[in-house]
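# Notes for the structure review
Letter by letter, the chains look like this.
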Amino acid sequence: MHYSKIIGLGHHMPENVITNEYLSTVMETNNEWIVERTGIKERRWMDPAKDTVANMAAKATRMALERAKLSEKDVDFIVFATITPDYFFPGSGVLLQRELGLESIPALDIRNACSGFIYALSVADQFIKTGMYKTVLVVGAEIQSTALDISTRGRNTAVIFGDGAGAVILRASEKPGILSTHLHSDGRFAEELYVKDPGSSRPHKERQPEQILDTSSFKVVMNGNQVFKYAVVKFMEVIQEALQANNLKKEDINLLVPHQANLRISQYIQEKLELSDSQVYNNIMRYGNTTAASIPIALSEAWAEGKIKENDLLCLAAFGSGFTWASALIRW
Ligand code: UT7
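What counts, and at which threshold
- Starting from 1, residues in each chain are numbered consecutively following that chain's sequence as written.
- At least 70 in pLDDT is required for a residue's local features to be given in this predicted model, at least 80 for side-chain atom pairs to be given and counted, and no such filter applies to totals for whole chains, interfaces and linings, which use all residues.
- Water and hydrogen atoms were dropped before computing side-chain values, which therefore reflect all heavy atoms in the structure.
- UniProt positions are given in the numbering used here, feature names are shortened, and annotations may be inferred rather than shown by experiment.
- The helix count covers DSSP runs of H or I at least four residues long, the strand count covers runs of E at least two residues long, and both are numbered beginning at the N terminus.
- Among buried residues, the Ala, Val, Leu, Ile, Met, Phe, Trp, Tyr and Cys ones that are joined through side-chain atoms within 4.5 Å form a nonpolar core.
- Relative accessible area decides the class of each residue, using a 1.4 Å probe on protein chains only: under 20% of the type maximum gives buried, over 50% gives exposed, and in between gives partly exposed.
- What counts as a domain boundary in this text is fixed by an automatic or database domain assignment.
- Between two residues, a contact is recorded if the distance between any of their heavy atoms is within 4.5 Å.
- Nearness is defined per residue: one heavy atom within 4 Å of the molecule or strand is enough.
- Criterion used throughout: strands pair if DSSP finds at least two bridges between them.
- Structural elements are reduced to axes, namely lines fitted to C-alpha atoms, with helices fitted over the stretch in contact, and the angle between N-to-C directions of any two is expressed from 0 to 180 degrees.
- For this analysis, a polar contact is any N or O atom pair within 3.5 Å, provided that within protein one partner can donate a hydrogen and the other can accept it, and provided that sequence-adjacent residues contribute only side-chain to side-chain pairs.
- Two parts lose some accessible area (1.4 Å probe) when they are put together, and adding that loss for both gives the buried area.

The name recorded for the protein in an unreviewed UniProt entry is Beta-ketoacyl-[acyl-carrier-protein] synthase III, from Chryseosolibacter indicus. According to UniProt, the comment filed for the protein under the heading Pathway (unreviewed entry) is "Lipid metabolism; fatty acid biosynthesis." We quote the UniProt Catalytic activity (unreviewed entry) comment for the protein here in full: "malonyl-[ACP] + acetyl-CoA + H(+) = 3-oxobutanoyl-[ACP] + CO2 + CoA".

What follows deals with the UniProt feature "domain: Beta-ketoacyl-[acyl-carrier-protein] synthase III N-terminal" (unreviewed entry) in the protein. Under the feature "domain: Beta-ketoacyl-[acyl-carrier-protein] synthase III N-terminal" (unreviewed entry), the UniProt entry names residues 108–187. When the span residues 108–187 is considered, its composition is 22% helix and 36% strand, and the gap between its end C-alpha atoms is 22 Å.

Turning our attention to the nonpolar core. I239, I253, L256, I269 and L273 are the most contacted members of the largest nonpolar core, which totals 43 residues. Sorting the residues of this core by element identifies α7 (224–245), α8 (263–272), β12 (313–320) and β13 (324–331) as the ones contributing at least two each. Here this core gets nine residues from one element, more than from any other, and that element is α7. Counting the residues that make up this core, at least three belong to each of domain 1 (3–175) and domain 2 (179–331). Excluding residues within four positions of it along the chain, I253 makes contact with I239, L243, L273, L275, Q279, L313 and C315. Counting 35 residues, the second largest nonpolar core, distinct from the first, contains I178, L316, A328 and W332.

This next bit is on the site of the ligand. In the vicinity of the ligand, 24 residues are found, and the nearest of them are T29, R37, H259, N262 and N289. Sorting the residues of the shell around the ligand by element identifies α2 (31–38), α6 (155–158), α7, α8 and β12 as the ones contributing at least two each. Per-element accounting of the shell around the ligand gives the leading share, four residues, to α7. Composition of the shell around the ligand by domain shows at least three residues from each of domain 1 (3–175) and domain 2 (179–331).

A sheet is described by the order of its strands in space; here four strands give the open sequence β8-β13-β12-β11, paired in mixed fashion. Single-partner strands in this sheet number two, and they are β8 (178–185) and β11 (255–258). When the angles between neighbouring strand axes are averaged without regard to direction, this sheet yields 10°. Bridge count for β8 against β13 is seven bridges, and the pairing is antiparallel. Across the sheet, residue I178 finds its bridge partner in β13, namely I330.

Next up on the list: the UniProt feature "active site" (unreviewed entry) in the protein. Mapped onto the present numbering, the UniProt feature "active site" (unreviewed entry) falls on C114, H259 and N289. Spanning 176 residues, the named residues form one tight spatial group whose C-alpha atoms are at most 8.7 Å apart. Tracing the sequence through the fold places H259 in the loop between β11 and α8. What makes H259 buried here is its relative accessible area of 1%. The contact partners of H259, leaving out residues within four places of it in the chain, are C114, F235, N289, T291, S294, I295, A317, A318 and F319. Within the structure, the side chain of H259 is placed 3.4 Å from the side chain of N289, a separation counted as a polar contact.

What follows deals with the domain arrangement of the protein. Under the domain assignment used here, the protein contains domain 1 (3–175) and domain 2 (179–331). Taken together, the contact between domain 1 and domain 2 spans 51 residues of the former and 48 residues of the latter. In total, about 3800 Å² of surface goes out of reach between domain 1 and domain 2, with carbon and sulfur atoms giving 66% of it. Three residues, C114, I118 and Y119, lead the burial of domain 1 against domain 2; their summed loss comes to 17% of the area buried on that side.

Listed below in structure tokens is the structure:
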């Protein structure tokens, strides 16, 4: 039986810092509202002269490879979680493969929004367990900022989302590793958090950009209250499911790394699981919600800060558009 183990972590954030104060100058919002409702103080937004989803992912990958003491050539397979690929097609996986100078290895894009990284990790884990691949690069990278409605009309999403990239190197191992992953979805709620266009199921003329007068369908739409309500329930359910599947208890968790959707959601889970502040890693204050990138960025920072030790039990959990939700338990 092969297990897979994370042996390297990396991240890359755009340099461009967007503060709550700046947002208050371009829409009706204020620092107090944003901090109180979300915990976010600032986020990073891409610089079109420098950043692409694929090149941020490549920088995160190089950091992860260096920490794993491996080179690009050791990667057998790329699994790339993003809902904001550089092109409508092909996905950003192949662009990352090109950036890394790798020839012909497979690259798979995963489009499961905020749960995307755990879905990607799960896919990679299965390929390693079957023995098909030995070293898999799992990436989450997003540029959300360019799809936001940066006006008062879009303020419930414009203040939340940010850009960035995180990467992990997963390698076959005799010892665990990833103990289990748990994936779910409920498509009844697809339109509660979505970007409608460029969607395919339209009359021909509506899919032609020159015909589009109202471009709001290209922007992120979120029913924040509804998403929040489901998020707190499903986060807890999927964490309990992972613990039960491994005969473990909440007391066994050393570090919880939740998807960074809202500090209030993280705090709610922390309270329910009776974890101390040092047992939950949050960086939403500095980066906002970076969708599929948030967990690998947080993991990379937590590791660099010495918060993850040998034999620790790590719990990852996420909830987002779809709705989709997911968890993973990892023995470090
Ligand atoms: O990562 C994927 C999963 N995403 C999530 O889990 C996000 C879940 N949802 C949330 O985090 C929260 O619902 C939000 C942070 C988006 C919103 O917080 P809320 O406490 O649910 O606020 P609300 O939407 O109920 O809005 C309360 C008020 C409204 O004004 P009225 O109608 O009470 O006069 C909004 O118009 O706050 C207003 N508002 C704002 N005010 C200042 C909404 N956005 C802003 C803003 N600045 N940026």
